[in-house]
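Now for the letters of each chain:
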Amino acid sequence: ELALGFDGDGDRCGVVDDTGEEIYADQIGLPYIRDSMKEAARLVAGAEPSDAARWAESYGVIKDAAVTSHLASLNSSDNVSGAWSQKLLNGFFKTTGLHQFSTGQRIAAATMAREMLLTFSGDLSSPKARVRNRANLYLREFGISDPQAFADRLLRQGEPTAAERAADEGFANEYTTAIIRGVEQTQLNPSRAEKPSWASHPIGSLVFALSGYSYAFKKNVLDRVARLGVQAFKDRDPALLIPAMSLALMAMAQDGIDTYLKPLLFGSNYKFDEEDTTTHLLRVADRAGFTGALSPFVNAIKGVRYDRSLLESLSGPIVGQIANLGQKAVEAGVINSEDTNTAERNVAAAVYDVFVKPAANVAIVASRVPAVVKTPAILASGSAGANGVFPSPKEAFVSSMAGPKEE
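Residues numbered from 1 in each chain as written. Predicted model: local features only at pLDDT ≥ 70, side-chain atom pairs only at ≥ 80, totals over all residues. Heavy atoms only, no water.

**A closer look at the overall build of the protein chain**
For the protein chain, the count of helices and strands is 18 helices and three strands. Across the 407 residues of the protein chain, 39% fall into the buried class. When contacts within the protein chain are restricted to residue pairs at least 6 apart in sequence, those whose partners lie at least 24 apart make up 58%. As displayed, the protein chain has an accessible area near 22,200 Å², and 60% of this comes from carbon and sulfur atoms. (Helix = DSSP H or I, 4+ residues; strand = E, 2+ residues; numbered from the N terminus. Buried < 20%, exposed > 50% of the residue type's maximum accessible area, 1.4 Å probe, protein only. Contact = heavy atoms within 4.5 Å. Areas by Shrake-Rupley, 256 points an atom, 1.4 Å probe, with all protein chains shown as cover.)

**Here we look at the environment of Pro376**
Inspection of the secondary structure puts Pro376 in helix 17 (residues 371-381). Distance in space between the C-alpha atoms of Pro376 and Thr96 is 8.1 Å, their sequence separation being 280 residues.

**A look at unusual backbone geometry**
The phi dihedral of Arg236 is positive, around 55°, even though this residue is not glycine. With respect to the helices, strands and loops of the structure, Arg236 is situated in the loop between helix 10 (202-235) and helix 11 (242-266).

**Considerations on helix 6 (residues 129-141)**
Spanning 13 residues, helix 6 covers 18 Å between terminal C-alpha atoms, matching the ideal 18 Å at 1.5 Å per step. Turning to helix 6, its buried residues are Arg130, Val131, Arg134, Ala135, Tyr138, Leu139 and Glu141. Each buried residue of helix 6 lies within a common arc of 160° when the element is viewed along its axis, so the set occupies one face. Directly after helix 6, the chain includes Gly143, whose backbone phi takes a positive value near 95°. (Expected span 1.5 Å × (residues − 1). Arc of directions from axis to C-beta.)

**Some remarks on the packing of helix 16 (residues 342-366) against helix 18 (residues 393-402)**
The packing of two helices is summarised by the inter-axis angle and the distance between the axes. Where helix 16 contacts helix 18, the axes come no closer than 9 Å and their chain directions differ by 130°. Regarding the angle of helix 16 to helix 18, the classification is oblique. Crossing angle aside, the handedness with which helix 16 passes helix 18 is right-handed. Of helix 18, the residues touching helix 16 (which contributes Glu344, Arg345, Ala348, Ala349, Val351, Tyr352, Asp353 and Val356) are Pro393, Lys394, Glu395, Phe397, Val398, Ser399, Met401 and Ala402. Across the contact of helix 16 with helix 18, the residue classes break down as ten nonpolar, one polar and five charged. (Axes fitted to C-alpha atoms, helices over the stretch in contact; angles between N-to-C directions. Parallel < 35°, antiparallel > 145°, perpendicular 65-115°, else oblique. Left-handed = near helix turned anticlockwise from the far one by under 90°. Nonpolar A, V, L, I, M, F, W, Y, C, P; charged D, E, K, R; others polar.)

**Here's the deal with the nonpolar core**
In terms of nonpolar packing, the biggest core is built from 32 residues, with Ala110, Leu117, Phe142, Phe150, Tyr175 and Ile179 touching the most fellow members. Contributions of two or more residues to this core are made by helix 2 (51-58), helix 5 (98-123), helix 6, helix 7 (147-157), helix 9 (170-186) and helix 10. A total of eight residues in this core trace back to one element, the largest contributor, which is helix 5. Not counting the four nearest positions on each side in its chain, Ala110 is found in contact with Trp55, Ala56, Val61, Ile179 and Val183. (Core = buried A, V, L, I, M, F, W, Y, C linked by side-chain atoms within 4.5 Å.)

**Overview of the pattern of salt bridges**
A complete count under the given rule lists eleven salt bridges for this structure. Arg54 is the salt-bridge partner of Asp51, the closest N and O atoms lying 3.6 Å from each other. Of the two residues, Asp51 and Arg54 are both situated in helix 2; the distance of three residues between them amounts to about one turn of the helix. Judged by its relative accessible area of 63%, Asp51 is exposed. Measuring nitrogen to oxygen at the nearest pair gives 2.7 Å for the salt bridge that ties Glu184 to Arg106. A residue pair is termed long-range when its members are at least 10 positions apart, and Glu184 in helix 9 and Arg106 in helix 5 qualify at 78 residues. Each of Arg34, Asp35 and Lys38 takes part in one network of salt bridges that share partners. (Salt bridge = Lys/Arg side-chain N within 4 Å of Asp/Glu carboxyl O.)

**Considering helix 16**
End to end, helix 16 covers 34 Å across 25 residues, agreeing with the expected 36 Å (1.5 Å per residue, within 8%). A bend of about 45° at Tyr352 is the largest found in helix 16. Along helix 16, the residues classified as buried are Ala343, Arg345, Ala348, Ala349, Ala350, Tyr352, Val354, Asn361, Ile364 and Val365. (Bend = angle between axes of the 7 residues up to and from the residue.)

**Points about the confidence of the model for the protein chain**
Chain-level statistics for the protein chain give a pLDDT mean of 74 and a share of 67% at 70 or above. Within the protein chain, no element has a lower average pLDDT than strand 1 (residues 3-6), which sits at 36, and none a higher one than helix 7, at 93. Across residues 76-81, confidence stays below pLDDT 50; counting only partners more than four residues off in sequence or on other chains, it has nine contacts. (pLDDT = per-residue confidence, 0-100.)

**A look at a nonpolar patch on the surface**
On the surface, a nonpolar cluster with roughly 390 Å² of combined accessible area is contributed by Leu30, Ile33, Met37 and Phe101. No other element matches helix 1 (residues 30-45), which puts three residues into the nonpolar patch. Structurally, Phe101 can be placed in helix 5. Taking relative accessible area as the criterion, Phe101 reaches 34% and is therefore assigned partly exposed. (Patch = residues over 30% accessible without salt bridge, like charges linked within 9 Å, V, L, I, M, F, W, Y side chains within 5 Å.)

**Section: the packing of aromatic side chains**
In total, this model carries six aromatic pairs according to the counting rule given. Taking the centre distance of 6.2 Å and the plane angle of 15° together, the rings of Phe150 and Tyr175 count as stacked. With Phe150 in helix 7 and Tyr175 in helix 9, this pair connects stretches of sequence that are 25 residues apart. The pair formed by Phe150 and Tyr175 is uniform in burial state, with each residue classed as buried. Feature note: the residues Trp55, Tyr59, Phe150, Phe171 and Tyr175 constitute an aromatic cluster, connected by ring pairs. (Phe/Tyr/Trp six-rings, centres within 6.5 Å; stacked < 30°, edge-to-face > 60°.)

Written out as structure tokens, the structure reads:
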């Protein structure tokens, strides 16, 4: 049985299981969210780097190249070549705040990994077998080959010095690898570890490039939840079920953001009121990442992610949007109804997605206007409907080309 409790000084609210062990919120990442937002705000404001930022930078996890690589890996634009194109792409990430937020996340993840390594090393000396087993399991997940030897060295002599890191041997190498692994897995940066063998084929590599994040989420989150669930049953350790319980919180947050917050800010043409319960649950699960590697196929069948077409679900946003324009043009000529202007508006919307929006974003990023003007302009360019807080240039373009929506 689990119950809320406090530690001796009354500051930290946690969970106490039936053996009296305390499972604190800071062990399931709540400070990570706080620190991410705080560090991102410092970057947006142009403040001096915090001590946590300087420490993370010394381990090479928040360099511009690392952050841009991570952001590009989550988009089909990672194949963009040329210095000007890369500069433009990086400028887009910084203008929209994605670069600052991603950097803030990496700083917070490095701090969290640092604290977890120290905490788990100390837990190896706990008198309770479950705590020791749990710590040993987590340290091995960090890539530590000999948790006890690693813990003895860390607790006795502290973190590796700059000279030890430069030598890149033994303890220093494992510590650095563990910090980097903690950051990359927290942000789910797709890597060779998540790459299936079929992805080496030219066609397979394209498919994997479009679904790499889904594979990373499956391997690092869903597979881990299942593995820890089995281990929790074997060890009778409820603390190992925390990742599984966190998925429910993630789904609730995703539901609120996609169903209420995004339509409020940016408008939406998605017909939420026409969803049945199955479609609603499937949409939330897919947008939260729970469908993992099956996500492209789920969207190909149901189109639950941003109401994508079949072609876009299978081929990604760039190729898919171009193909979608052709599809809408064909539909307008073949199955167009004289009673409505739906087909014409669909063609106009596809033209906006393929030509107008990218050109507008390039012009905004390349311009010399202040960022305080650039950022809302780019955010507004993505508004999907006319009922959001942000004005919708897309809706204005579609209405000017094909007229107001006719019921």
